[in-house]
Amino acid sequence: MAKIKPSKGAPYARLLGVGGYRPTRVVPNEVILEKIDSSDEWIRSRSGIETRHWAGPEETVAAMAIEASGKAIADAGIDAEQIGAVVVSTVSHFSQTPAIATEIADKLGTDKAAAFDISAGCAGFGYGLTLAKGMVVEGSAEYVLVIGVERLSDLTDLEDRATAFLFGDGAGAVIVGPSQEPAIGPTVWGSEGDKAETIKQTVPWDRFRIGDLGALPVDSEGNIKFPAITQEGQAVFRWAVYEMAKVAQQALDAAGISPEELDVFIPHQANARIIDSMVKTLKLPEHVTVARDIRTTGNTSAASIPLAMERLLATGEAKSGDTALLIGFGAGLVFAATVVTLP
């Protein structure tokens, strides 16, 4: 029996660089209130959101991802040709095939890097990070580019009082590469498909076939509504507050890190009240820096964690070498948490 040659990867993997891109248009709550019966105070108190960024016509999923990736590549100090794989997490690239990752890999100038998309909602960055770590350690790629990118303004129903104010656009990217010491902990991840109805797309794409148009929802002016993201807010809030704090603690335990040893907490930027509740449940010490990028960026799904990470490092609120707990959770329902050393 022939023996397969063992892989020769790195002993461990780490984050080497991070980059972000926020669209130029800043949208205050007042714009959202043009379509829904609410108030700025209500939106701020319920979500913590004051503004969000919405992409213009030229700020496509690919364009935003390329901008963020270029910054991550420069931050890591490598060349695009060294990237062996590109993993893109997004739910707002509307072409079923080919994967947007292939276009991004080509335009960045990689040397025919492996490229694929994943759909894991707001946990997508964590899923991609886990896959990248495996590639580096297994040896199939020395450097992996992981991107979270969304144009959720395209999937927002501006007449839905429960969700119209939540979503924003943007892209965040990291380079994962070899390390001589552990710098990305074990991932605690999973799914609860029995709760899939709590966050979903309003109607599937195939409803737009000619015979189904009459069954599609319409807006206040009688126009057919484009599919949007809808959610059962209270059910999602309870799940995130009670279950995701447990997952976060499991990730700390798996990494052998106590709350006292943590420097930074970067949760998915879904809701400020969820973040506050998780901090309280985890009993994080006051010295732990907590990402609150949601205030000016909104919920950018797969992009939220790398965008928040990039801002903390850029402002000096976090520094290279800090130990950070990351956790993403959302549609599926899916989740992923891990402890990392910041780039």
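As a reminder, the structure under discussion sits directly above these lines.
Report on the accompanying structure.

A few words on the layout of surface pockets. Its volume calculated, the largest pocket comes out at about 1100 Å³. In terms of lining, the largest pocket is formed by 45 residues, of which the most central are Phe167, Ile199, Lys200, Ile229 and Ala331. Its residues placed into classes, the lining of the largest pocket shows 24 nonpolar, 16 polar and five charged. Space inside the second largest pocket adds up to approximately 240 Å³. Around the second largest pocket sit 15 residues that line it, and Thr156, Asp157, Leu158, Asp219 and Lys225 are the ones nearest its centre. In the lining of the second largest pocket, the residues fall into six nonpolar, two polar and seven charged.

Another aspect to go through is the sheet that holds strand E1 (residues 12–21). Spatially, five strands are ordered E1-E7-E6-E4-E5 in an open sheet, and the strand pairing comes out mixed. Every interior strand has two partners, whereas the edge strands, E1 and strand E5 (114–118), have only one. Looking at each pair of strands side by side, their axes are set apart by 20 degrees on average, direction ignored. With eight bridges connecting them, strand E6 (residues 143–151) and strand E7 (residues 169–179) associate as antiparallel partners. Bridge pairing links Leu145 to Ile175 in E7. The strands that helix H4 (residues 100–108) touches are strand E4 (83–89), E5 and E6; relative to E5, the one it contacts most, it runs at about 140 degrees. Relative to E1, helix H9 (residues 304–315) is tilted by about 85 degrees, and along the sheet it contacts E1 and E7.

A complete count under the given rule lists one cavity of 30 Å³ or more for this structure. Considered as a void within the structure, the largest cavity measures approximately 50 Å³ in volume. Along its surface, the largest cavity is lined by Phe125, Gly126, Leu129, Thr187, Ile305, Leu326, Ile327, Ala336, Ala337 and Thr338. Contributing elements (two or more residues each) for the lining of the largest cavity: helix H5 (124–138), strand E13 (323–330) and strand E14 (334–341). Class assignment of the residues belonging to the lining of the largest cavity gives a composition of seven nonpolar, three polar and no charged.

So, how was this worked out
The residue numbering used here restarts from 1 in each chain and proceeds along that chain's sequence as written. Under the rules for a predicted model, residues below a pLDDT of 70 receive no local features and side-chain atom pairs below 80 are neither given nor counted, while totals for whole chains, interfaces and linings still include all residues. For the side-chain quantities, the full set of heavy atoms in the structure was used; hydrogens and water were omitted. In this analysis the probe radius is 1.4 Å and the grid spacing 1 Å, with only protein atoms considered; a cavity is a set of points the probe fits into but cannot get out of, a pocket is an open set with protein on both sides within 12 Å along at least five of seven lines, and lining residues have an atom within 4 Å of a point. Grid points are joined across faces, edges and corners, and a volume is the space filled by probe spheres set on the points. Residues are grouped as follows: Ala, Val, Leu, Ile, Met, Phe, Trp, Tyr, Cys and Pro are nonpolar; Asp, Glu, Lys and Arg are charged; all remaining types, including Gly, are polar. For two strands to pair, DSSP has to find at least two bridges joining them. Helix numbering and strand numbering both begin at the N terminus, where a helix is a DSSP run of H or I of at least 4 residues and a strand a DSSP run of E of at least 2. Between the N-to-C directions of two axes lies an angle of 0 to 180 degrees, each axis being a line fitted to C-alpha atoms and, for a helix, fitted only over the stretch in contact. Note on definitions: a residue-residue contact is assigned when non-hydrogen atoms from the two residues lie within 4.5 Å.

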